[in-house]
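Each chain, letter by letter, is given below.
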Amino acid sequence: MNWKRKDLLDIRDLSKEEILFILDTAESFKDISKREIKKVPTLRGKTVITLFYEPSTRTRTSFEIAAKRLSADTINISSSTSSSTKGETLKDTARNLESMRPDAIVIRHSMPGAPHMLAAILDSSIINGGDGSHEHPTQALLDLYTIREKKGRVDGLKVAIVGDIAHSRVARSNIFSLKNFGNEIICCGPPTMIPPYIETLGVRVEYDLEKAVRKADVIMMLRIQKERGGTKYIPSTKEYSTLYGLTKKHVDTAADDVIVMHPGPMNRGTEIMDDVADGPASVILDQVENGVAVRMAVLYLLIGGEA
Amino acid sequence: MKKKVILDKKAVDRTITRITHEILEKNGGSGSLSLIGIRTRGVYLANRIQDKIKSVEGMKPPFGVLDITMYRDDISKLRSPEVKKTEIPFDVNNMTVVLVDDVLHTGRTIRAAIDAIMDLGRPKKIQLAVLVDRGERELPIHPDYAGIICPVSEHHEVLVRMSEIDGKEEVVIVKT
Amino acid sequence: MKTLIRGGRVIDPKTGRDGTFDILVENSVIREISDTIKKPEGKAQVIDASGRIVAPGLIDVHCHLREPGFEYKETILTGTSAAARGGFTTVVCMANTSPVNDSRSVTEFIVDKARTEGKCRVLPCGAITRGLKGEELAEIGEMFAAGIIAISDDGRSVRNAGLFRKALEYAKTFGLPVISHCEDETLSGGYVHEGTSSLLNGLEGIPAIAEEIIVERDIAIARYVDAPVHITHISTRGSVGIIEAARKTFRKVTCDTCPHYFSLTDEATLTFDTNTKVNPPLRSKRDVDAIREGLNKGVVDIIATDHAPHEYTSKDVEYDLATFGISGFETAFALSLGLVRDGVLDMKGLLAKMTINPARLLGINAGTITEGAPADIIIFDPGIEWTVDRGSFASKGKNTPFHGATLRGKNLLTMSGGTIVFNELK
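Here the structure is a predicted model, which means the values were calculated and not measured.

A. View of unusual backbone geometry. Cis geometry marks the peptide bond from B:Arg39 to B:Thr40, where omega comes out at 5 degrees. Cis geometry marks the peptide bond from C:Asn279 to C:Pro280, where omega comes out at 0 degrees. Mapping C:Pro280 onto the fold places it in the loop between helix H8 (259–263) and helix H9 (285–297). Unlike most non-glycine residues, B:Glu136 shows phi in positive territory, near 60 degrees.

Pasting the structure below:
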């Protein structure tokens, strides 16, 4: 297949074929991280900027390592050091960065559509590293990669997504990709965290965690976004934990080979209990490892060649 | 399109047999020998050589598959060419690695392959076996084993067809 | 000065007139309408309107001219030029200027400025509450004396129901219409319609009920104090239903909608084009269908523009940060003519909602082509196709989601009070 996109903005935009192509490419790149010399010259001379307007350690580091393992140069700009505090608009910041001729800009922003805005005006490849409650495409790709690795397939699975569905870009992107491949999705969380009309996406809503995870092949836990006012929607994290914290008891009722996922960082004891996070079903660290491979694949496909 | 057959199926097999013997002769048997085929057709050639070594020596040397895409020097001029898996399931350190490819032309593929292998470890030796050496090198690279030396002009292409993927087996020259 | 408009198909919803007539305008008044009128002696201009439709100048009960205070968004001059281009001869400008039009002096400023610079008649709408803060009544009587035509806290609702009641009662003294922007701010606070599109694009939603709750509330208050209330820019199926039901027992409720609420759905927001950001937001297909049905059944009396021009930079930002509003004067009529093509309204019905109905709401002598009426006349061709080019807008506000769209129906000439203020008739 021929890769034609300049940018990676949404999972919803991608065809099954494109998604699988990224996953296949990622397989080739995954081995590099296991070698003694964890570097290939593929993107030598390319420059990748990570422009993060929201705090993030995991995603930024993952992109940075991915770029470095491909020999690209990386520059990190985070909100504390960016011009945003000086009143410069996002577009101006981006245009200034583009003058320094980066090949790709990975942007994380608290507002939906910010990456799309940049993609429309810049020649650089734009990678959406998470835009508000909208999408987080590379997270959904690494999740799908992990599911394929552990389950041997990406279709016909029963997947429970648990937490603040309404404000989670991880949930949205995963719903789009998992639905695209024909999986059964159950969205679970307190009703205040389930967006209206969610059923129109072809998912089932279940408010009771026990029912949601029963016989599930995959349990995807979401982070309670304390920093994003997540607690406005629930009386307290303590009460949330009682109702929606994933325990070993829940996992025992799921499919025998269930996997438990979490995009991190985890609030241990709130949405996920220690014995689950560290238990045999947990693939949380695999997700992190696969994240590097998937992001290498994305960087390679977007900026590996000339248009 | 004009085409000229320079090796037919039988000749291809004969040539591979000869290369195999040369490899064994030069290295004094298959002791620390390993074979790495360069995708795509080098892999099938390396496979054949491995089989023939087994019939002579009674044992198969370690065998690997190399995709050189990540090491190409012309990536930025192409549209993100598809990257396939490199599968080298043995330790290359202190091995004599015989790189196998179908056609040797500019030498750039081999340069990439050498770099790729060096990133995996430090082999004792790297040797190069090709079915066809068509000349016109752009880098100082020379094959240790060449099935047939066949200089052709830049307006021609040498195509190796292997039964595993092409349905037939021959080496032809076609005008581009 | 005499002007003879010849050979056009004259449609006047007020009198029901529809046929080919000549119209003689003398100074600022329509002097004569008959089958054929001879060219008058002396200096007179003749306009050939054959093959075109001649109608009363359009009246917009809801626009923002931004002056004073936001002259970088629009001025009375540029706003009324855009209005004239769009076929409007009377516009009601909202009070959210800086300073707010909540006092006699601001009203006088607008009236004076409009008299000297305006391309069409400008009727200011005064604030209901001082500073639009929703805390105490503005000096409505003072503003009335200076020339306001209605009162509204447009941009927000009067949150305090008791205060809104007092406003409705107090306005009776002057016979001023009260125009209500319906939005419960504890339920809104988003940027797009809460629905299937907001689910996809992750933008914070504004549910339909944020509008409907206040529509219901304001009608209940108006009914209780038996005062007329006009609900502006309704956008939801629920609002249409509430108003339709209320009308059965309470005649004093009227309402308007805007062209974008019957032309676009929330799907337009999926591209994150900030020009689709408007308040109330673009709603679902179901809502759009209901608005069209409401227009058809007469529940929706008036089409207003809610012309809300903004400077480029306020839209050239992230969707969340962009200003709300659409620059609407120069596309409103063509979009509305779409309703005729789609069979929602006949031509007379559409024109009524843009001429005589708003005139009745405002209680002004306009919106009709009759002898003795002010010479507010437009000549348009419903068949001309044209492509929207925001660069050619007379308005300073280039913020339109219709840029590049091909529309059908074009205003070709606008006469305001006997003066030709826009002419593209060839």
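Resuming the write-up.
B. Representation of the nonpolar core within the structure. Residue and element names in this part refer to chain A. Ranked by internal contacts, the top residues of the largest apolar core, which has 149 residues, are Ile 161, Val 162, Ile 219, Val 260 and Leu 299. Counting residues per element, this core draws most heavily on helix H11 (residues 284–303), which supplies 12 residues. Those residues within four positions of Ile 219 in sequence are excluded, and the remaining contacts are Ala 160, Val 162, Val 213, Leu 246, Ala 254, Val 258, Val 260 and Met 261.

C. Up close: the arrangement of the chains. Comparison of the two pairs of chains in contact shows the highest number of contacts for chains A and C. Between chain B and chain C there is no contact, and the shortest C-alpha to C-alpha distance separating them is 27 Å.

D. Looking closely at the pairing of strand S5 (residues 125–133) of chain B. Residue and element names in this part refer to chain B. Here strand S4 (residues 96–104) pairs with S5 via eight bridges, running parallel. Pairing of Val 103 across the sheet is with Val 132, part of S5. Crossover handedness for the path S4 to helix H3 (residues 108–118) to S5: right-handed. Note: S5 against strand S6 (residues 145–149), four bridges, orientation parallel. Along S6, the bridge assignment pairs Val 130 with Ala 146.

E. Here's a closer look at the environment of B:Val65. All names here are of chain B. Tracing the sequence through the fold places Val 65 in strand S3 (residues 63–66). A sequence separation of 50 residues divides Val 65 from Thr 15, and the C-alpha atoms of the two residues are 21 Å apart. In this view, Val 65 contacts Gly 37, Arg 39, Val 43, Thr 86 and Glu 87; residues no more than four positions away in its chain are not counted.

F. Molecular detail of the pairing of S4(B). Residues and elements named next belong to chain B. Burial runs high along S4: eight of the nine residues are buried. As defined by bridge partners, strand S2 (residues 33–38) adjoins S4 across five bridges and the pair is classed as parallel. Paired with Gly 37 across the bridge in S4 is Val 100.

Reading the values: rules and limits
Residues numbered from 1 in each chain as written. Chains lettered and ligands numbered in written order. Predicted model: local features only at pLDDT ≥ 70, side-chain atom pairs only at ≥ 80, totals over all residues. Helix = DSSP H or I, 4+ residues; strand = E, 2+ residues; numbered from the N terminus. Core = buried A, V, L, I, M, F, W, Y, C linked by C-beta atoms within 7 Å. Buried ≥ 20, exposed ≤ 12 C-beta atoms within 10 Å, placed from the backbone. Contact = placed C-beta atoms within 7 Å. Pairing = 2+ DSSP bridges. Right-handed = clockwise from strand over helix to strand, strands pointing away.

Any functional reading would require information beyond the geometric quantities listed.
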